[in-house]
Amino acid sequence: MNELLLPRYGHASLADLLPSILACLGVPGEHDRLGLELDVDRVCVLLVDGLGATALDTESAAAPFLSGLPAATLDAGFPSTTATSLTTLGTGLPPGEHGTVGYTFQLPGQDRLFNGLRWQLTGDGPKVDALAEFPPERIQPHRTTFERATAAGIAAVQVAPSYQDGSGLTRAGWRGGGFRTAFSVGDLVDGVLTALGSAPKTLVYTYHSDLDTTGHARGPQTRAWRFELANVDRIAAELADNLPPRSALIVTADHGMVPLVHRIDFDTHPHLSEGVRALGGEPRARHVYTEAGATDQVADTWTGTLGDEFVVRTKAQVIEAGWFGPRVDPEVAARIGDLVVVATGTSGVIRSGAEPLQSQMPGHHGSLTADELLVPLRIHRS
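Residues numbered from 1 in each chain as written. Predicted model: local features only at pLDDT ≥ 70, side-chain atom pairs only at ≥ 80, totals over all residues. Heavy atoms only, no water.

Within an unreviewed UniProt entry, the label attached to the chain reads Type I phosphodiesterase/nucleotide pyrophosphatase, and the organism entered is Nocardia ignorata.

Printed below as a string of structure tokens:
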């Protein structure tokens, strides 16, 4: 059983990174919450999906460039999952304000779960144009850091795979800047360097997913994962070697990852579904939406069944504890499960019927353990 950490919103979280960068670039009203003190004109943020800080420290031999940079950490926030973290990074807000409260969650008035990563309703039902039915600008109405940068005369550019261009997640967290498609790793490096040189002051965000894919498919810190980490290290080194003058490369991540050793299957344990109307989230961080009046009964059943490798809390408890941030907007609170269930050990609550591929993956994330929550903050200046 591992200790659960409380995200350090306000002074050491992903939500604090872009506002701190904007402050260093001279944007009025922004504050350098992290104390970066960057005297630069151009910044590239490289987001390596799935690169936990503890894993990078453990496997430092596979990443000599990154490991040679001054080491610091940030907290991804809760839940430690891609859709939530990318929106946190892009808006500079904790999840309790930007509203992407998990991989899947329930929007008020909807019976089906909403997938914040793919921007679609899950499960069976009529086909829905989710971008039209759930406009990202309504689901996440706050100004993004790209919008704030652009308003201040800074060129803001996202360099990422084509599927992210105009996606719901991009519009929710990164609207307001330009987009350049990266067709390959080499094209990503070239795209970043081209974007950095496009204006006197620039902010570039770029995203690389292969480490996360490898961790999910083969497991974190496996040989395949270490080979992929070496590739990530080369990407960062190439960017650093070719930065224009007065530039900074900042490498971070959206979450870490742990191996899933023990699986408790919601779909084959009928008593776990008693009083439950929907199950959102992912194996290590579940939103449990209960029938009216059934929350206490469901909490007792889940606590008794899952044992001491899980923590079961009510919505009110996690909001009071600050898991989603110091403030949770009322509209966002309605999206959080009546119960929130997180793993503390190496277990997870899977759904073999409803989520067959996810249930088989050896690597997972979402909870508040150090391996999942802590992400690296590595900075190189030209």
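Describing the environment of Tyr207
Topologically, Tyr207 is positioned in strand β8 (residues 202-208). Exposure remark for Tyr207: the relative accessible area of 6% places this residue in the buried category. In contact with Tyr207, not counting residues within four places along its chain, are Leu47, Asp49, Thr82, Leu86, Val159, Ala160, Pro161, Tyr163, Gln164 and Leu188. One polar contact links Tyr207 to Asp49, side chain to side chain, over a distance of 2.5 Å. (Helix = DSSP H or I, 4+ residues; strand = E, 2+ residues; numbered from the N terminus. Buried < 20%, exposed > 50% of the residue type's maximum accessible area, 1.4 Å probe, protein only. Contact = heavy atoms within 4.5 Å. Polar contact = N/O pair within 3.5 Å; in protein donor to acceptor, adjacent residues only side chain to side chain.)

With respect to the sheet that holds strand β9 (residues 247-252)
One open sheet holds the seven strands; their spatial order is β2-β18-β9-β1-β8-β6-β7, and the pairing between them is mixed. Lying at the two open borders of the sheet, with one neighbouring strand each, are β2 (72-75) and β7 (178-181). Strand-to-strand twist in this sheet, taken as the mean axis angle between neighbours without regard to direction, amounts to 25°. (Pairing = 2+ DSSP bridges. Axes fitted to C-alpha atoms, helices over the stretch in contact; angles between N-to-C directions.)

Overview of the layout of surface pockets
Empty space among the atoms becomes visible once a probe the size of a water molecule is rolled across them. Roughly 1,100 Å³ of volume is contained in the largest pocket. In this structure, the largest pocket is lined by 46 residues; those nearest its centre are Tyr103, Asn115, Leu117, Arg118 and Gln358. For the lining of the largest pocket, the secondary structure elements donating two or more residues are α4 (82-91), α6 (130-133), α9 (168-174), α11 (210-218), β12 (276-282) and α16 (356-360). When grouped by side-chain class, the residues that make up the lining of the largest pocket number 19 nonpolar, 18 polar and nine charged. Counting residues domain by domain, the lining of the largest pocket receives three or more from each of domain 1 (14-259 + 368-381) and domain 2 (262-364). (1 Å grid on protein atoms, 1.4 Å probe; cavity = no way out; pocket = protein on both sides within 12 Å on 5 of 7 lines; lining within 4 Å. Points joined across faces, edges and corners; volume = space filled by probe spheres on them. Nonpolar A, V, L, I, M, F, W, Y, C, P; charged D, E, K, R; others polar. Domains from an automatic or database assignment.)

Quick look at the packing of aromatic side chains
In total, this model carries eight aromatic pairs according to the counting rule given. With a centroid separation of 4.9 Å and 85° between ring planes, the pair formed by Phe114 and Trp119 is classed as edge-to-face. Residue Phe114 is classed as buried on the basis of its relative accessible area, which comes to 0%. Taking relative accessible area as the criterion, Trp119 reaches 5% and is therefore assigned buried. Pairing Phe114 with Phe134 gives two aromatic rings, centres 5.5 Å apart and planes at 65°, and the pair type is edge-to-face. Taken together, the positions of Phe114 in strand β4 (residues 114-115) and Phe134 in the loop between α6 and α7 (136-139) put the pair 20 residues apart, joining distant regions of the chain. A relative accessible area of 4% places Phe134 in the buried class. (Phe/Tyr/Trp six-rings, centres within 6.5 Å; stacked < 30°, edge-to-face > 60°.)

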